[in-house]
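The chain contents come next:
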Amino acid sequence: MEKKNIDWANLGFGYIQTDWRYVANYKNGAWDAGALSADNMIVLNECAGVLQYAQTCFEGLKAYETEDGHIVTFRPDLNAKRLVDSAKRLEIPVFPEDRFLEAIDQVVLANEAFVPPYGSGATLYLRPYLFGSSAVIGVKPADEYQFRILTTPVGPYFKGGARPLTVRISDLDRAAPHGTGHIKAGLNYAMSLYNIVDAHNCGYDENIYLDSATRTKIEETGGANIIFITHDHKVVTPKSPTILPSVTRRSLMTVAQDYLGLEAEEREITLEEVPSFAECGLCGTAAVISPVGKIVDHGREICFPSGMNEMGPITKKLYDTLTGIQMGRIPAPEGWIRVIK
Ligand SMILES: *Cc1c(COP(=O)(O)O)cnc(C)c1O
């Protein structure tokens, strides 16, 4: 397979049109057979549920080439499952998990020429999503839906090394108790845009959200879960029903325990105990882990000993081990790598 003529190493994280996307439609109470489409445009009723009441949810994962030349995805079954959970909470008909996995395989194979070569650091980002496509004006779920998977090649997240981030404690909230913080809904992102633009204008890379009930406990950022490392090398991550269950974070906790022999614990973490940690990182599909060098809480600077120049040593081990597993350099736990080709 001839790869597209793309400067893989210098790709950013933006939309680039690829040749094929997967499309399935839900009508009269059932999903159709679904098919690949060459058309990257969607024609929608002006009153579509997604446009009026934001009835939509999504997933994010990547396909890439391993060291031995296979094309694979990483734990796509967890994305399939999470999309089911998101759909249920938004009254969107579930797209079956087995069909999700087959559709991913199909759309990746069709776009094989866009799967970046091993070693480039780039990947083919996959964006599955569901949305209400039929007209609704009274507040209710739509009758018709579309499931799509678009693909776009994205560049290496860390060009020239991982620069530790400076993040602030947010004054705004992300997720209400018993709300939608635990699902991957577009609405959670729409309402975070104001705050991320403001954070950037104020010189911060990200917002850390506190639990909105008590505003004393650490939750996550707008699009990544958080891990902390204690001085005695324990990996801890916040436990809360309003955090989105990151596939990356769940995988890192397993890597910490089973590959690095570290203790890993999910528990409530208060803002007040943050200065006692040795390292901090943000985890998600795009970056795997972004190191945090400094957290600013209204003028109070919490600086981690790992500093502003490099990843902390434990964060680095976690990063190297998980990316090694993903790229096929380190044996993966059973079921973590889905070989497409
Ligand atoms: C997608 C997402 C993450 C990261 O999840 P991964 O499965 O690791 O990519 C974390 N937090 C939020 C709010 C998200 O939407």
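Definitions and limits used
- Residues numbered from 1 in each chain as written.
- Predicted model: local features only at pLDDT ≥ 70, side-chain atom pairs only at ≥ 80, totals over all residues.
- Heavy atoms only, no water.
- Near = heavy atom within 4 Å.
- Polar contact = N/O pair within 3.5 Å; in protein donor to acceptor, adjacent residues only side chain to side chain.
- Areas by Shrake-Rupley, 256 points an atom, 1.4 Å probe, with all protein chains shown as cover.
- Nonpolar A, V, L, I, M, F, W, Y, C, P; charged D, E, K, R; others polar.
- Helix = DSSP H or I, 4+ residues; strand = E, 2+ residues; numbered from the N terminus.
- Buried < 20%, exposed > 50% of the residue type's maximum accessible area, 1.4 Å probe, protein only.
- Contact = heavy atoms within 4.5 Å.
- Axes fitted to C-alpha atoms, helices over the stretch in contact; angles between N-to-C directions.
- Parallel < 35°, antiparallel > 145°, perpendicular 65-115°, else oblique.
- Domains from an automatic or database assignment.
- Buried area = accessible area lost by both parts, 1.4 Å probe.
- Salt bridge = Lys/Arg side-chain N within 4 Å of Asp/Glu carboxyl O.
- Core = buried A, V, L, I, M, F, W, Y, C linked by side-chain atoms within 4.5 Å.
- Expected span 1.5 Å × (residues − 1).

## Observations concerning the site of the ligand
The environment of the ligand is formed by 15 residues, the closest being K184, Y189, S246, T248 and T285. Measuring from an oxygen atom of the ligand, one finds a side-chain N or O atom of Y189 at 2.4 Å. With respect to the ligand, the backbone of V247 contributes an N or O atom lying 2.9 Å from an oxygen atom. Expressed as a share of its isolated accessible area of 380 Å², the protein-covered part of the ligand is 96%. Of the residues belonging to the shell around the ligand, the class tally is four nonpolar, seven polar and four charged.

## Observations regarding the side chain of D105
Checked against the element boundaries, D105 lands in helix α3 (residues 97–110). Classification of D105 by relative accessible area gives buried; the value is 15%. Aside from chain neighbours lying at most four places away, what touches D105 is R338 and I340.

## Structural notes on the packing of helix α6 (residues 247–258) against helix α7 (residues 313–326)
Here α6 crosses α7 at 105°, and the two axes come no closer than 10 Å. Compared by their axis directions, α6 and α7 come out roughly perpendicular. Where α6 approaches α7, its residues T248, S251, L252, V255 and A256 are matched on the opposing element by L318, T321, L322 and I325. Taken together, the residues of the contact of α6 with α7 sort by class into six nonpolar, three polar and no charged.

## Let's talk about the domain arrangement of the protein
Splitting the protein by domain gives domain 1 (8–154) and domain 2 (165–326). Across the boundary between the two partners, domain 1 contributes 22 residues, which contact 22 residues of domain 2. Interface of domain 1 and domain 2: buried area, both sides summed, is about 1700 Å²; carbon and sulfur atoms make up 64% of it. Taken as a group, F58, F74 and R82 account for 36% of the area that domain 1 buries against domain 2, more than any other trio of residues on that side. The interface formed by domain 1 and domain 2 contains zero salt bridges. On the surface where domain 1 and domain 2 come into contact, there are eight residue pairs in polar contact (both at pLDDT 80 or more). Among the elements that take part in the side of domain 1 that touches domain 2, helix α2 (residues 76–89) stands out by supplying six residues, more than any other. Classifying every residue of the side of domain 1 that touches domain 2 gives 11 nonpolar, five polar and six charged.

## Brief notes about the nonpolar core
Core analysis: the biggest nonpolar cluster contains 37 residues, and V108, L130 and F147 have the highest contact counts within it. Looking at this core element by element, the count peaks at six residues for α3. Other than its neighbours up to four places away in sequence, V108 contacts A63, I71, V115, L126 and I340. L78, I229, L252 and M327 belong to the second largest nonpolar core, which has 22 residues in total.

## Comments concerning the environment of K159
Considering the arrangement of structural elements, one finds K159 in the loop between β8 (145–154) and β9 (165–169). Separated by 147 residues in the primary sequence, K159 and G12 place their C-alpha atoms 9.6 Å from one another. If we skip the residues at most four places from it in the chain, K159 touches A9, N10, L11 and G12.

## What about α2?
Between its first and last C-alpha atoms α2 spans 20 Å; for 14 residues at 1.5 Å apiece the expected length is 20 Å, and the two agree. Here α2 has its buried residues at P76, L78, N79, A80, R82, L83, V84, S86 and A87. E91 occupies a position one or two residues after α2 and carries a positive phi of about 55°.

## Some details on the pattern of salt bridges
Following the criterion strictly, the structure yields 21 salt bridges and no others. The shortest N-O distance in the salt bridge between E65 and K3 comes to 3.3 Å. Remark: K3 occurs in the segment before β1 (21–27) and E65 occurs in strand β5 (residues 61–65); sequence separation between them is 62 residues. Exposure remark for E65: the relative accessible area of 17% places this residue in the buried category. Among the salt bridges present, the one from E59 reaches R82, with a minimum N-O distance of 2.7 Å. Here E59, found in the loop between β4 (56–58) and β5, pairs with R82, found in helix α2; they are 23 residues apart in sequence, far enough to count as distant. Take E59 and R82: they sit in the same class, and that class is buried.

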